[in-house]
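Take a look at the letters that make up each chain.
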Amino acid sequence: MPSIAINHVSKQFNKVHALEDVTLQFEEGKIYGLLGRNGAGKSTLLNLISNRLFPTAGEITINGRPACENDQAQRLVYLMSEKTFYPETMRVKEVFDWTGRFYKGFDKNEAIRLAHEFKLDITKKVKGLSTGYSSIYKLITALCVDVPYLFLDEPVLGLDANHRDMFYKLLLESYAARPRTIVISTHLIEEISGIIEEIVIIKEGRVIKAQNCEELLSQGYCVSGKASDVDAYVQGKEVIGIDALGGLKTAYVMGQCDKSALDANLEVSKMDLQKLFIQLTNS
């Protein structure tokens with residue numbers, strides 16, 4: 001099966017270990033959420049895959065081909081990130097022209113249509129764009145490139161709520177029309193929770209979770225109520241976090257809910273993705 005395979009990859013910057021012994025696979029035709037706190041190693045991982053950085057140890061392959069310094073492999077990948085790699089004096093329409101030269105399947109007509117929809121002036125120079133519109137032109141470019149692996153690193157940086165909503169709808173439309181592997185690295189976890197199928201959580205350079213999102217969420221639950229009742233219930237259970245306010249408490253528990261042991265005053269609810277992420281990266 002076509003995939004991107006990361007095998008025992010580490011990346012070190014002087015004395016800083018950005019990634020440590022990461023083994024991971026991005027499979028064909030799935031939408032992934034790549035989550036981690038600031039400095040966890042998310043951007044480093046995406047830059048290694050796209051050949052902007054080189055691993056200190058380990059190997060990355062794209063559809064079986066080595067990713068490092070391999071044009072055939074890199075033609076299958078597109079990374080949209082905060083950094084701007086086109087000259088800032090270039091106009092947006094020129095960016096579309098040059099992207100079409102680098103990527104044969106780039107849909108320039110669709111890019112122009114989307115620019116109109118987002119009210120992006122394609123005659124403007126890149127350096128003249130606001131932070132939000134800088135993200136928008138990069139997003140439009142990325143979504144119109146015809147590659148099997150699309151990486152979006154903090155894609156909605158500077159976008160207002162309306163533009164973020166437009167982007168998420170556009171992303172799903174693009175995926176439905178042309179299924180491919182999409183990896184979204186973002187801090188806005190609640191906003192992508194209904195989009196992603198698979199989740200990868202990185203903590204301090206190591207992968208701590210990599211599995212189907214629904215399966216992961218089904219492995220935990222929240223129990224709330226009086227602190228004393230919650231404490232009694234969670235005895236012997238795997239508690240990954242606690243929130244307390246006054247005499248009330250919420251415990252985040254991994255495993256199946258033991259309903260027979262529940263006090264009538266306790267309330268059980270599903271663990272949402274953001275809460276789970278916070279507790280896993282705190283613990």
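In this text the structure is predicted, and so the values were computed from the model without any measurement.

Draft legend 1. Seen up close, the overall build of the protein chain. Within the protein chain, the secondary structure is distributed over 10 helices and 14 strands. Here the protein chain, with 283 residues, has 48% of them falling under the buried criterion. Across the protein chain, contacts joining residues at least 24 apart in sequence account for 67% of those joining residues at least 6 apart. For the protein chain, the accessible surface area stands at approximately 14300 Å², while carbon and sulfur atoms represent 48% of it. With 33 positive and 36 negative side-chain charges, the protein chain shows a spacing of 6 Å between the two charge centroids.

Draft legend 2. Here's a closer look at the packing of aromatic side chains. For the structure shown, the criterion picks out 6 aromatic pairs. Taken together, a centroid distance of 5.4 Å and an interplanar angle of 70° make the contact between Tyr78 and Tyr103 edge-to-face. Highlighted residues: Tyr78 in strand β6 (residues 77-80) and Tyr103 in the loop between α3 (92-102) and α4 (108-117), separated in sequence by 25 residues. Residue Tyr78 is classed as buried on the basis of its relative accessible area, which comes to 12%. Positioned above the aromatic ring of Tyr233, the side-chain terminus of Lys237 is 4.3 Å from the ring centre.

Draft legend 3. Summary view of the nonpolar core. Counting residues in each nonpolar core, the largest one holds 57 residues, and the members touching the most others are Ile140 and Leu152. For this core, the domains that each give at least three residues are domain 1 (3-212) and domain 2 (219-281). If we ignore the near neighbours within four places in the chain, the residues touching Ile140 are Phe96, Ala111, Leu114, Ala115, Phe118 and Leu120.

Draft legend 4. Inspection of helix α6 (residues 161-177) at higher detail. Taking 1.5 Å of rise per residue, the 17 residues of α6 would be expected to cover 24 Å, and the 24 Å separating its terminal C-alpha atoms lies within 8% of that figure. Every buried residue of α6 is accounted for by His163, Arg164, Met166, Phe167, Tyr168, Leu170, Leu171, Ser174 and Tyr175.

Draft legend 5. Examining the pattern of salt bridges more closely. A complete count under the given rule lists 11 salt bridges for this structure. Note that Glu27 is salt-bridged to Lys30, the shortest N-O span being 2.7 Å. Residue classification places Glu27 among the partly exposed positions, given a relative accessible area of 24%. In this structure, Asp231 engages Lys249 in a salt bridge whose closest nitrogen and oxygen atoms are separated by 2.8 Å. Of the two residues, Asp231 is situated in helix α9 (residues 227-233) and Lys249 in strand β13 (residues 248-254); the sequence distance between them amounts to 18 residues.

Draft legend 6. Looking closely at the sheet that holds strand β2 (residues 16-27). In spatial order, the strands read β2-β1-β4-β5; together these 4 strands make up an open sheet with antiparallel pairing. Two strands lie at the open edges of the sheet, namely β2 and β5 (65-66), each paired on one side alone. Sheet topology note: the strand β1 (residues 3-13)/β2 ladder contains 8 bridges and is antiparallel. If you follow Val9 over to β2, its bridge partner there is Val22. Helix α1 (residues 42-49) rests against β1, β2 and β4 (57-62) of the sheet, and its axis sits at about 120° to β1.

Draft legend 7. Structural view of the environment of Asn212. With respect to the helices, strands and loops of the structure, Asn212 is situated in strand β10 (residues 206-212). Residue class for Asn212 comes out partly exposed when judged on its relative accessible area of 22%. In sequence terms Asn212 and Tyr32 are 180 residues apart; their C-alpha atoms lie 9.0 Å from each other. Asn212 has contacts with Glu197 and Glu198, leaving out every residue within four places of it along the chain. One polar contact links the side chain of Asn212 to the main-chain amide nitrogen of Glu214, over a distance of 3.0 Å.

Draft legend 8. How the structure looks around the packing of α3 against helix α5 (residues 131-143). Viewed as axis vectors pointing N to C, α3 and α5 meet at an angle of 25°, and their least axial separation amounts to 11 Å. Classed by the angle they form, the pair α3 and α5 counts as roughly parallel. Regarding α3 and α5, the two cross each other, and that crossing is right-handed. Where α3 approaches α5, its residues Val92, Val95, Phe96 and Thr99 are matched on the opposing element by Tyr137, Ile140 and Thr141. Here the residues of the contact of α3 with α5 sort into 5 nonpolar, 2 polar and no charged.

Draft legend 9. Expanded view of the sheet that holds β6. Read from one edge to the other, the open sheet built from 6 strands follows the order β6-β7-β8-β3-β9-β10, with strand pairing classed as mixed. Taken across any chain shown, the strands that pair with only one partner, and hence form the sheet edges, are β6 and β10. This sheet shows a mean twist of 15° between the axes of neighbouring strands, independent of strand direction. Relative to strand β9 (residues 198-203), strand β3 (residues 31-36) runs parallel, the two being bridged by 5 bridges. Within the sheet, the bridge partner assigned to Tyr32 lies in β9 and is Glu198. Strand contacts of α6: β3, β7 (149-153) and β8 (181-185), with the helix running at about 160° to β8, the strand carrying the most contacts.

What counts, and at which threshold
Residues numbered from 1 in each chain as written. Predicted model: local features only at pLDDT ≥ 70, side-chain atom pairs only at ≥ 80, totals over all residues. Heavy atoms only, no water. Helix = DSSP H or I, 4+ residues; strand = E, 2+ residues; numbered from the N terminus. Buried < 20%, exposed > 50% of the residue type's maximum accessible area, 1.4 Å probe, protein only. Contact = heavy atoms within 4.5 Å. Areas by Shrake-Rupley, 256 points an atom, 1.4 Å probe, with all protein chains shown as cover. Lys, Arg positive; Asp, Glu negative; His and termini not counted. Charge placed at Lys NZ, Arg CZ, Asp CG, Glu CD. Phe/Tyr/Trp six-rings, centres within 6.5 Å; stacked < 30°, edge-to-face > 60°. Lys NZ or Arg CZ within 6 Å of the ring centre and 35° of its normal. Core = buried A, V, L, I, M, F, W, Y, C linked by side-chain atoms within 4.5 Å. Domains from an automatic or database assignment. Expected span 1.5 Å × (residues − 1). Salt bridge = Lys/Arg side-chain N within 4 Å of Asp/Glu carboxyl O. Pairing = 2+ DSSP bridges. Axes fitted to C-alpha atoms, helices over the stretch in contact; angles between N-to-C directions. Polar contact = N/O pair within 3.5 Å; in protein donor to acceptor, adjacent residues only side chain to side chain. Parallel < 35°, antiparallel > 145°, perpendicular 65-115°, else oblique. Left-handed = near helix turned anticlockwise from the far one by under 90°. Nonpolar A, V, L, I, M, F, W, Y, C, P; charged D, E, K, R; others polar.

Function cannot be inferred from these measures alone, as they are strictly geometric.
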